Amino acid sequence: METDLNQDRTAWLLGSPAGCAVAHDGNSPWRLVMLGAPGVGKGTQAQFLARRLGACHLSTGDVFRAAKERVAQEQTSAIAMALESMRRGALVSDLIVSNIIRERIGCLVCRGGFILDGFPRTISQAKLLEQLLHGKELSLSAVVNFELPQEEILARLSGRRTCERCRAIFHLVSKLPRAEGVCDDCGGRLYQREDDRLESIKVRLDACEHSTTPLIAFYRSLDLLVTISATGAPDEIHARTTYALRSRMQSQLYSS
Ligand code: ADP
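The following refers to the structure shown.

Conventions we followed
Residues numbered from 1 in each chain as written. Predicted model: local features only at pLDDT ≥ 70, side-chain atom pairs only at ≥ 80, totals over all residues. Heavy atoms only, no water. Helix = DSSP H or I, 4+ residues; strand = E, 2+ residues; numbered from the N terminus. Rg over C-alpha atoms; globule rule 2.2 N^0.38 Å. Contact = heavy atoms within 4.5 Å. Areas by Shrake-Rupley, 256 points an atom, 1.4 Å probe, with all protein chains shown as cover. Lys, Arg positive; Asp, Glu negative; His and termini not counted. Charge placed at Lys NZ, Arg CZ, Asp CG, Glu CD. 1 Å grid on protein atoms, 1.4 Å probe; cavity = no way out; pocket = protein on both sides within 12 Å on 5 of 7 lines; lining within 4 Å. Points joined across faces, edges and corners; volume = space filled by probe spheres on them. Nonpolar A, V, L, I, M, F, W, Y, C, P; charged D, E, K, R; others polar. Salt bridge = Lys/Arg side-chain N within 4 Å of Asp/Glu carboxyl O. Buried < 20%, exposed > 50% of the residue type's maximum accessible area, 1.4 Å probe, protein only. Core = buried A, V, L, I, M, F, W, Y, C linked by side-chain atoms within 4.5 Å. Axes fitted to C-alpha atoms, helices over the stretch in contact; angles between N-to-C directions. Parallel < 35°, antiparallel > 145°, perpendicular 65-115°, else oblique. Left-handed = near helix turned anticlockwise from the far one by under 90°.

The next point concerns the overall build of the protein chain. Looking only at helices and strands, the protein chain has 11 helices and eight strands in total. The C-alpha radius of gyration of the protein chain comes to 18 Å, within 12% of the 18 Å expected for a compact globule of 256 residues. With respect to the principal axes defined by its C-alpha atoms, the protein chain has extents near 50 × 40 × 35 Å. Across the protein chain, contacts joining residues at least 24 apart in sequence account for 71% of those joining residues at least 6 apart. A total accessible area of about 13000 Å² is found for the protein chain, and carbon and sulfur atoms account for 53% of it. Within the protein chain, the 29 negative side-chain charges are centred at a point lying 1 Å from the centre of the 32 positive side-chain charges.

Pasting the structure below:
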């Protein structure tokens, strides 16, 4: 399972016509969706899996954060609306998300596979994903659903700090950087995401309860769901996840 591909997410972050610099061999690519409330650690686990499986980490939250860094004149009104929803912790409209995904269809059909993080977040987005993949005769390998008690979610989100350059994730209690406010990996500045403040966290958890939780039943009915406990250290959760994915792959091989 181990590969060491250098991920190039330019095409995903900027949308077409940006090209992709990674050459994939297309051998049994993984196509995974990460589900779970904000703060369960989907992003961290997606980064681990991407490195391990050689598939790109495709985060819709990162697309919006990359857009935010562009100067205001370069932002379309749809992106400005999306960023306003994001600041409040609310979901961006399905219409805007669907346009963003359609512009990035190249990343979904990539021979290297993908680890989707933050999309789909509503049933309508999940149906769009099914439709786009089926249109290219592709399907998901699995949907990983991370579970964590609410008190722990709040503690994780309020202490989270993100590197503004490479997006590595740290925590004020459980994963302190070696130097305060500085990323261990690239030396970038660590900051607190606007939507990691308490007012926004509450809105995000509410949005998750209403819009994202129904996805669990949706993917269970498609027999794609793999549920993982997200308690413990990131390495332990990663080990649990790869074990569950491997077991699923083996049982599929035996039943086919
Ligand atoms: P988290 O999962 O920790 O909330 P993300 O980085 O995935 O963080 O998303 C941050 C914000 O971006 C969300 O709160 C929402 O405003 C917006 N967003 C990202 N993906 C979607 C999506 N698929 N549908 C609607 N809004 C989204």
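Quantified by volume, the second largest pocket comes out at close to 280 Å³. What lines the second largest pocket is a set of 16 residues, among which G36, A37, C208, E209 and T213 lie closest to the centre. Per-element accounting of the lining of the second largest pocket gives the leading share, four residues, to helix α9 (residues 198-212). Of the residues contributing to the lining of the second largest pocket, the split by class is nine nonpolar, five polar and two charged.

Next up on the list: the pattern of salt bridges. Inspection of every chain in the model, using the stated rule, returns 13 salt bridges. As a salt-bridge pair, R88 and E84 come within 3.6 Å of each other at their nearest N and O atoms. Of this pair, R88 and E84 both sit in helix α4 (residues 77-88), separated by four residues, roughly a single helical turn. Taking the relative accessible area as the measure of exposure, R88 reaches 45% and is therefore partly exposed. Since its relative accessible area comes to 37%, E84 is described here as partly exposed.

Core analysis: the biggest nonpolar cluster contains 38 residues, and L116, L129, L140 and Y219 have the highest contact counts within it. Leaving out residues up to four positions away in the same chain, L116 has contacts with W12, L32, V33, M34, L58, L108 and L129. Core analysis: the next-biggest nonpolar cluster, separate from the first, contains 25 residues, A46, A142, I228 and I237 among them.

All right, on to the environment of T10 then. Tracing the backbone shows T10 in helix α1 (residues 10-14). Put simply, T10 and C20 are 10 residues apart on the chain and 6.6 Å apart in space, counted from C-alpha to C-alpha.

What follows is about the packing of helix α3 (residues 60-69) against α4. Closest axis-to-axis distance for the α3/α4 pair is 10 Å, and the angle between their directions is 115 degrees. One way to sum up the angle between α3 and α4 is to call them roughly perpendicular. Crossing angle aside, the handedness with which α3 passes α4 is left-handed. When α3 is examined against α4, the residues G61, F64, R65, A67 and K68 are found in contact with a partner set consisting of I79, A82, L83 and M86. The class makeup of the residues in the contact of α3 with α4 is six nonpolar, one polar and two charged.

The next subject is unusual backbone geometry. The peptide bond linking F119 to P120 adopts the cis configuration, its omega dihedral lying at -5 degrees. Turning to its location among the elements, P120 is positioned in the loop between β3 (113-117) and α7 (123-135). You will see that R167, though not glycine, has its phi angle at about 70 degrees, which is positive. Following the sequence through the fold, R167 ends up in the loop between β5 (160-163) and β6 (169-171). Even without being a glycine, D223 presents a positive backbone phi close to 60 degrees. Relative to the helices and strands, D223 is located in the loop between α10 (214-221) and β8 (225-229). A residue is classified by how much of its surface remains accessible, and D223, at 58% relative accessible area, is exposed.

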